[in-house]
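The chain contents come next:
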Amino acid sequence: MCVYEPRAAALDPALVRADIEAGRVDVVTFTSPSAVRGWRRGLGPRELLWAMGEAVIVALGATTAAAVAEALRAPDAVANPSTLDGLVVAISVVMARRSRVGR
């Protein structure tokens, strides 16, 4: 019996690129290493790196942060604690920091 099976959603690289280029993406969150792998498979390693561009990347916990760093770059923030509330706090802190430096 399979209790948990991660499955990546289908990604359309053209739509992802269009959203990034149009400035409709400010923050990308990764909540598991399998999510990082899914994005990488869906877009391809080089396209994924390009797609993240200037977007803030926030990871849910240290294990996910390590997967993000390996696939892309170090995340801008890591949720601690590794909960939804921690993720929201991490996003809020990094976005407030960016707005103070005018990015």
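Just so it is clear, the model here is predicted, and its values are computed rather than measured.

## As for the nonpolar core
Nonpolar side chains tend to gather and get buried jointly when the protein is soluble and globular.
No. 1: Core analysis: the largest hydrophobic core is formed by 16 residues, its most contacted members being Phe30, Val36, Met52, Ile57, Val68 and Leu72.
No. 2: Elements that contribute at least two residues to this core include exactly helix 1 (13–21), strand 1 (27–30), helix 2 (33–43), helix 3 (45–52), strand 2 (56–59) and helix 4 (62–71).
No. 3: Sort the elements by how many residues they give to this core and helix 4 lands first, with four residues.
No. 4: Discounting chain neighbours no more than four positions away, the residues touching Met52 are Val28, Trp39, Ile57 and Leu72.
No. 5: Val58, Leu60, Leu87 and Ala90 belong to the second-largest nonpolar core, a separate cluster that totals eight residues.

## Description of helix 5 (residues 84–100)
No. 1: Relative to the 24 Å expected for 17 residues at 1.5 Å per residue, helix 5 spans 25 Å between its end C-alpha atoms, a close match to the ideal helical length.
No. 2: When we look at burial in helix 5, the residues that qualify are Gly86, Leu87, Ala90, Val94 and Arg98. Buried positions in helix 5, seen along its axis, are confined to an arc of 100° and lie on one side of it. Residues of helix 5 that are exposed and point over 90 degrees away from its buried face: Leu84, Asp85, Val89, Ser99 and Arg100.
No. 3: Summarising the contacts, the buried residues of helix 5 are in contact with strand 1, strand 2 and strand 3 (77–78).

## Here's the deal with the sheet that holds strand 1
No. 1: Strand order across the open sheet formed by three strands is 1-2-3, with parallel pairing between neighbours. With partners counted over all chains shown, the strands left at the sheet margins are strand 1 and strand 3, one partner each.
No. 2: Sheet topology note: the strand 2/strand 3 ladder contains two bridges and is parallel. Directly across from Ala59, in strand 3, lies its bridge partner Val78.
No. 3: Sheet strands in contact with helix 5 are strand 1, strand 2 and strand 3, and its direction is about 155° off that of strand 2.

## Some details on unusual backbone geometry
Excluding glycine, most residues fall at negative phi; most peptide bonds, likewise, are trans.
No. 1: Residues Asn80 and Pro81 are joined by a peptide bond in cis, for which omega reads 15°.
No. 2: Relative to the helices and strands, Pro81 is located in the loop between strand 3 and helix 5.

## Description of the pattern of salt bridges
No. 1: Considering all chains together, one arrives at two salt bridges under this definition.
No. 2: The shortest N-O distance in the salt bridge between Asp19 and Arg24 comes to 2.8 Å.
No. 3: Classification of Arg24 as exposed rests on a relative accessible area of 55%.
No. 4: Linking Asp76 and Arg73 is a salt bridge whose minimum nitrogen-to-oxygen distance equals 3.1 Å.

## Quick notes on the environment of Asn80
No. 1: Topologically, Asn80 is positioned in the loop between strand 3 and helix 5.
No. 2: Judged by its relative accessible area of 72%, Asn80 is exposed.
No. 3: Between the C-alpha atom of Asn80 and that of Leu60, which follows or precedes it by 20 residues, the distance is 7.6 Å.

Rules behind the numbers
- Residues numbered from 1 in each chain as written.
- Predicted model: local features only at pLDDT ≥ 70, side-chain atom pairs only at ≥ 80, totals over all residues.
- Heavy atoms only, no water.
- Core = buried A, V, L, I, M, F, W, Y, C linked by side-chain atoms within 4.5 Å.
- Buried < 20%, exposed > 50% of the residue type's maximum accessible area, 1.4 Å probe, protein only.
- Helix = DSSP H or I, 4+ residues; strand = E, 2+ residues; numbered from the N terminus.
- Contact = heavy atoms within 4.5 Å.
- Expected span 1.5 Å × (residues − 1).
- Arc of directions from axis to C-beta.
- Pairing = 2+ DSSP bridges.
- Axes fitted to C-alpha atoms, helices over the stretch in contact; angles between N-to-C directions.
- Salt bridge = Lys/Arg side-chain N within 4 Å of Asp/Glu carboxyl O.

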